[in-house]
Amino acid sequence: MRHRKGVRGMGLAGAFSVSILVFAGPAQASPHEVDVAHQDGIHRFSVQLNGAESVTPGDADGQGFARLDLDPQQGTACYEITWKQLDGMVTAFHLHAARRGSDGPHWIDFFNNQNFAGSHTVKDCVRSTREKIETVIEYPSSYYLQVHSTAFDKGAIRGQLG
């Protein structure tokens, strides 16, 4: 019996290698890596967050990952943020305007006055002006995401967009 090309024709070792590649998935970004994608007018940023990025002392053990989808046409900033190992309760999440190594004002507020304890994932969309969103898309290195907590009210973990 003759095998057709494909997984059956590769033998057991070849099929195992293909399955490892399929199930391994993409590699995780390093703490300073930012993944940016553009599709249908939406600009997507994937950012690692940690306490070492904070200008004021941040949460040394805290970690997070955020995805930010900016749509200037609709005037929306959608986010999904996951964090773990943060001291205190998470109270706020913002996009701030400043380059790496500097603190800056809130540019877009995602949530305020919350009380999330432990590890969480939160996602939602907020409205913003087209001008603000387009400025972030054009100059991402001038903006950072920051999670605030009761233990680190000036910023627990942070990640620069660019």
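Just above, that's the structure.
Source: prediction; values computed, not measured. (Residues numbered from 1 in each chain as written. Predicted model: local features only at pLDDT ≥ 70, side-chain atom pairs only at ≥ 80, totals over all residues. Heavy atoms only, no water.)

## Description of the overall build of the protein chain
In terms of helices and strands, the protein chain carries two helices and nine strands. Of the regular secondary structure in the protein chain, the N- to C-terminal order runs α-β-β-β-β-β-β-β-α-β-β. Here the protein chain holds 162 residues, and 41% of them are scored as buried. Pairs at least 24 apart in sequence give 59% of the contacts found in the protein chain among residues at least 6 apart. (Helix = DSSP H or I, 4+ residues; strand = E, 2+ residues; numbered from the N terminus. Buried < 20%, exposed > 50% of the residue type's maximum accessible area, 1.4 Å probe, protein only. Contact = heavy atoms within 4.5 Å.)

## Focus on helix α2 (residues 130-138)
Every buried residue of α2 is listed here: Ile133, Val136 and Ile137. Taken around the axis of α2, the buried residues stretch over an arc of 100°, which confines them to a single face. Turned more than 90 degrees away from the buried face of α2 sit Glu131 and Glu138, all of them exposed. If you follow the buried residues of α2, they end up packed against β2 (42-50), β3 (63-71), β4 (76-84), β5 (90-97), β6 (106-111) and β8 (143-149). (Arc of directions from axis to C-beta.)

## A few points about the pattern of salt bridges
By the definition in use, this model includes five salt bridges. Note that Arg44 is salt-bridged to Asp69, the shortest N-O span being 3.6 Å. Within this pair, whereas Arg44 is found in strand β2, its partner Asp69 is found in strand β3, the two being separated by 25 residues in sequence. Of the two residues examined, Arg44 and Asp69, each falls in the buried class. One salt bridge connects Arg67 with Asp69, and the closest N-O pair in it is separated by 3.0 Å. (Salt bridge = Lys/Arg side-chain N within 4 Å of Asp/Glu carboxyl O.)

## Comments concerning the state of the cysteines
Covalent bonding between the sulfur atoms of two cysteines defines a disulfide. The full count for this structure, using the stated rule, is one disulfide. The side chain of Cys78 participates in a disulfide bridge whose partner is Cys125; the two sulfur atoms lie 1.9 Å from each other. Classification of the bridge connecting Cys78 and Cys125 rests on its S-S torsion, roughly 105°, and on that basis the disulfide is right-handed. Here the residue Cys78 occupies a position in strand β4, and Cys125 occupies one in strand β7 (residues 120-127), the gap between them amounting to 47 residues. Since its relative accessible area comes to 42%, Cys125 is described here as partly exposed. (Disulfide = S-S within 2.5 Å.)

## Things to note about the nonpolar core
Counting residues in each nonpolar core, the largest one holds 31 residues, and the members touching the most others are Ile81, Trp83, Phe93, Phe110, Phe111, Leu145 and Leu161. Among the elements of the structure, β2, β3, β4, β5, β6, β7, α2 and β8 are those that each provide at least two residues to this core. If we skip the residues at most four places from it in the chain, Phe110 touches Leu68, Ala77, Tyr79, Phe93, His94, Leu95, Val126 and Leu145. (Core = buried A, V, L, I, M, F, W, Y, C linked by side-chain atoms within 4.5 Å.)

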